[in-house]
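Here are the chains, one letter per residue:
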Amino acid sequence: MMLARGLGFCSVPDPFVARGFVGRREPAGSAQAGRIPPGQHLVKDFPVLSAGPTPRTPLQKWSFRIEGLVKEPASWSWTDFLKLPAQDFVKDISCVTKWTKLDTRWRGVSVDVLLEQVELDRRAAFVTAFSDGGYTTNVPLPELINGQSFVAYEYDGKPLAPEHGGPARLVVPHLYFWKSAKWVRGLRVMERDEPGFWESLGYNNHGDPWKEERYTGD
Amino acid sequence: MTEAKGDDLVLDGNAVAGTLAEIYGDDMTTVLAECANCGKVDHVGGLLAYVRAPGIVLRCTACQTVMVRIVQTPNRTFVDVRAKRMPAAPRT
Ligand SMILES: [Zn+2]
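Read on for an overview of the structure. (Residues numbered from 1 in each chain as written. Chains lettered and ligands numbered in written order. Predicted model: local features only at pLDDT ≥ 70, side-chain atom pairs only at ≥ 80, totals over all residues. Heavy atoms only, no water.)

**Notes on the coordination of the zinc ion**
All names here are of chain B. Spelled out, the test is: Donor selection uses N, O and S atoms within 2.8 Å of the metal (3.2 Å for Na, K and Ca). Since no water is included, sites may look incomplete. In this scheme the shape depends on donor count and angles: four donors with every angle between 85 and 135 degrees give tetrahedral, four or six donors with opposite pairs above 155 degrees and others between 65 and 115 give square planar or octahedral in turn, and any other case is irregular. Think of it this way: any DSSP run of H or I at least four residues long counts as a helix, any run of E at least two long counts as a strand, and we number them from the N terminus. The buried label applies to any residue whose accessible area, calculated with a 1.4 Å probe on protein chains only, is under 20% of its type's maximum; exposed applies above 50%, and partly exposed to all values in between.
Those donors, Cys35 (SG), Cys38 (SG), Cys60 (SG) and Cys63 (SG), are the protein atoms that reach the zinc ion, and they lie 2.2 to 2.4 Å from it. The site at the zinc ion holds four donor atoms, and with the angles between them running 103 to 115 degrees, its shape is tetrahedral. Each donor residue of the zinc ion belongs to the same chain, with the gaps between them written as C-x2-C-x21-C-x2-C. Taken as a pair, Cys38 in the loop between β2 (32-34) and β3 (41-43) and Cys60 in the loop between β5 (56-59) and β6 (66-72) lie far apart in primary sequence, 22 residues in all. Residue Cys60 is classed as buried on the basis of its relative accessible area of 0%.

**Notes on unusual backbone geometry**
All names here are of chain A. Here the residue pair Gly166 and Pro167 is connected by a cis peptide bond, since its omega of 15 degrees sits within 30 degrees of zero. Here Pro167 is to be found in the loop between β9 (158-159) and β10 (169-171). Despite not being glycine, Asn146 shows a phi value in the positive range, around 60 degrees. The residue Asn146 is located in the loop between β7 (136-140) and β8 (150-155) in this model. We classify Asn146 as exposed; its relative accessible area is 66%.

Printed below as a string of structure tokens:
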């Protein structure tokens, strides 16, 4: 078995066994390495990436909104949002800057729960997540539903820290982490895809870590 | 690492002087850039620079509006200049 370049502590997954171990608790070693997408390395800390100042919206002024191609837009205050049915999630996350973190623990509201509150137009096909500070990212609607994404407000049993996107961030664990918009304030449902902050400047529109969809044209 | 403001990852435009010089073929830090949102004029070297991200983002010192974005991929460099006065990047 080869060693990943420059790492030493994590081995490159054997392509024939790798995916079979995803999600199972195994001691560190080949099974863990099988959960690390190509070109990524494992980290134990939680690196902070930021393209702008950390917004500090007071919770009394915070709201979460679903708008666009819905019969009636929906909006929740912070207090109302906390009353929505929440779930715990344990997910592996991969950042396009090449780190992967395993078994991250979150608590939040499934996007399925949020979308139950609106009536989607038949043309609804894409979603732009929008955030305090002006950040946007785009995800096809089918990739947000059926348990694939959530809006998190706790990380590791504590309120989500501002530098990690608190009070709330979108988490779409099966895509590169730039899709998991920090400081998220809502979802805009659209008929046509609209590239977001990074997708409009060289980053891949889709961003699947297992296909190494990092850049435009990958 | 953590400052009271929480803006612990911010540098200034001089920190990306080398990258800008590679793109423009010239020193850009003394070039003036005007914020398209609030009109504040700064030297490029004095803009706020966020570099610990998937790309480099230069922002207005007054209102934090994005003025320049740079993404370097293995094959090419993408530059988006929103600031007024500052020249668009030559084709990369
Ligand atoms: Zn400004």
